[in-house]
Amino acid sequence: MTEKLTRNKECKANFIKVMDQLLREKKSYISSQEVLERYLVEYGDKSGKYQSHKPSDYDGLTKAKKAIRDCLLQRGLDFETSQGDDGRAEFFKYPDNVPDDLLSSLKKETKLFRQQALLDLAVRQSRGLFPSSWLAKFRIQAEEEICKNKIGCMPIVEFDANERLMNQHLLPTFYFAIRDKEVVRFRYAPFDKAERIWTFHPHYLKEYNLRWFVFGLAIDADGKRYEVQNCALDRIVGRIEKLKGEKYILPTVDYATYFDDIVGVTRIKGKSKIRIEIQTKDLYTHRRIMTKPLHKSQKEVQPFDEGTHRGIISLEVIPNKELLGLLMSFESHIEILSPLGYRKKMQAEIRNMYDLYK
C-alpha cells in the first residue's frame, strides 16, 4: 500500500469517527462544515496555522459520509436531510432509531488505518521511542488483523505475546501525552501495594518481557513526589484524565542512558554496578547466551572449552529482580562464580525453591 493511499484511507477513517461522534452527540441536524471543523480540531495542524482546507479533507469527508450512508442503507435506514435557509447547504442527521452498532462493519478497517497512522507518526517522530523491530511487528499485526477476515486468507505469522494483558490501547495515549507534554491523572493498582491516585508527568515508554511501562514524575494524593516512577500499563485502573492548565515538569534523568546499567525496568536507588562472572556448563547454553546477550555489557571472558565443558561470560550491571529471574531461567546450565555476595543470593533462591519441592 502506497503512503498516499494509506494517508487517504486514514483521513476517511478519522472522518467516519468524527462524523459518527458529532451525529450522536447533537442528536440533531449537522452540516459538513461542522464535521470539517471538528476534524481539524482533532486531527489538524496543532499549530493553528490552517488558513484553508485541503482538497483531501473534502474528499475524505465525502467518502466518510458515503460509507456511513451505506451502513444505514444496509439496515433499511438513511440520513434525514434538510436544506439550509440559502437553499444550498444541506444538513443531515441520524434517524431516531439508529442502532448503536451501526458502524460495526467498518471498525476493523478504521482500526487498521488508525494503527498505521500511529505507526507512521512513530517512525517519523519517536527517535528511538519505539524500536524498529517493534514497529515492524506492529505493521504486520495490523495487516494480519484485516487479512484474517478475508475468505481464503490464512495468517502466516504468529507472535509470542500475552494477549490477556490489559490496557495495551493506552500506549498511543501515553505516546501523545509525552510528545505534547501533557499531565495526566489515573488510578494505579500495583499487585503488592495499595491502590493509589497518581498525578503523572509522563516522560518515557519502554517495553520489557512483552509488557509496556510508562516512566515519569508521579505525585500522590498527599503531594509526595516520585521522580522516576514506572507504571505497568496493565496496572492502570479506569480512565486517564488529562489535566488542562497543569504545568508539565520535564524529566530529571536522561532516559537515553538510564537503562544502560540494568536488565529490564527496575533501577534500585542507591545500588551500584557489580561485575558478575557466569560459567556456562554446555556448548548450547554458551552459544545461546553469546548470540542473544543478557545485557549490552556482556563479554566473553573464556570461550567454551570442549575438553572441560566450561566457558565464562561476564556482565557489569546493577542487580535487580529482572536479572535474577533471567539467570534463574538457565537452571543448572550456568553457575554464578563471582562476586561472592551475588553467588550467595543465587544459592539462597535455589534453596528456597528446593524447600518448596523436596
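Residues numbered from 1 in each chain as written. Predicted model: local features only at pLDDT ≥ 70, side-chain atom pairs only at ≥ 80, totals over all residues. Heavy atoms only, no water.

Asker: Would you mind going over a nonpolar patch on the surface with me for this structure?
Answerer: On the surface, a nonpolar cluster with roughly 410 Å² of combined accessible area is contributed by M353, L356 and Y357. Within the secondary structure, L356 sits in helix α10 (residues 340-357). (Patch = residues over 30% accessible without salt bridge, like charges linked within 9 Å, V, L, I, M, F, W, Y side chains within 5 Å. Areas by Shrake-Rupley, 256 points an atom, 1.4 Å probe, with all protein chains shown as cover. Salt bridge = Lys/Arg side-chain N within 4 Å of Asp/Glu carboxyl O. Helix = DSSP H or I, 4+ residues; strand = E, 2+ residues; numbered from the N terminus.)

Asker: So what exactly am I meant to see when it comes to the confidence of the model for the protein here?
Answerer: A low pLDDT score tells you not to read the predicted coordinates there in detail. The pLDDT averaged across the protein works out to 83; a share of 77% of its residues lies at or above 70. Per-residue pLDDT stays below 50 along residues 46-52; that stretch engages in four contacts with residues further than four places along the chain or on separate chains. (pLDDT = per-residue confidence, 0-100. Contact = heavy atoms within 4.5 Å.)

Asker: Honestly, the packing of aromatic side chains in this entry has me stumped. Any pointers?
Answerer: Given two aromatic rings, their pairing is described by the distance between the two centres and the angle made by the two planes. On inspection of all chains with the given rule, the structure shows 15 aromatic pairs. Ring centres of F79 and F92 lie 5.1 Å apart, and the angle between their planes is 65°; on these two criteria the pair is classed as edge-to-face. Here F92 lies in strand β3 (residues 90-93) and F79 lies in the loop between α3 (55-74) and β2 (80-83), a separation of 13 residues in the sequence. Overall, F79 belongs to the buried group, its relative accessible area being 7%. Relative to Y255, the ring of F215 has its centre 6.0 Å away and its plane inclined at 65°; by these criteria the two rings are edge-to-face. A residue pair is termed long-range when its members are at least 10 positions apart, and F215 in strand β6 (residues 211-219) and Y255 in helix α7 (residues 255-258) qualify at 40 residues. (Phe/Tyr/Trp six-rings, centres within 6.5 Å; stacked < 30°, edge-to-face > 60°. Buried < 20%, exposed > 50% of the residue type's maximum accessible area, 1.4 Å probe, protein only.)

Asker: Sorry if this is basic, but what is going on with the pattern of salt bridges here?
Answerer: Pairs may arise between side chains of opposite charge once their charged atoms sit close together. Under the criterion given, the structure shown has 22 salt bridges. The partner of E34 in a salt bridge is K26, with the nearest N and O atoms 2.9 Å apart. Residue classification places K26 among the partly exposed positions, given a relative accessible area of 40%. Between R185 and E241 there is a salt bridge, and its shortest N-O distance comes to 3.9 Å. Of this pair, R185 sits in strand β4 (residues 184-188) while E241 sits in strand β8 (residues 236-242), placing them 56 residues apart in sequence. Using a relative accessible area of 31% as the deciding quantity, one classes R185 as partly exposed. Looking at E241, the relative accessible area reads 32%, which means it is partly exposed. Here the residues in one salt-bridge network are D261, R267 and K273, joined through shared partners.

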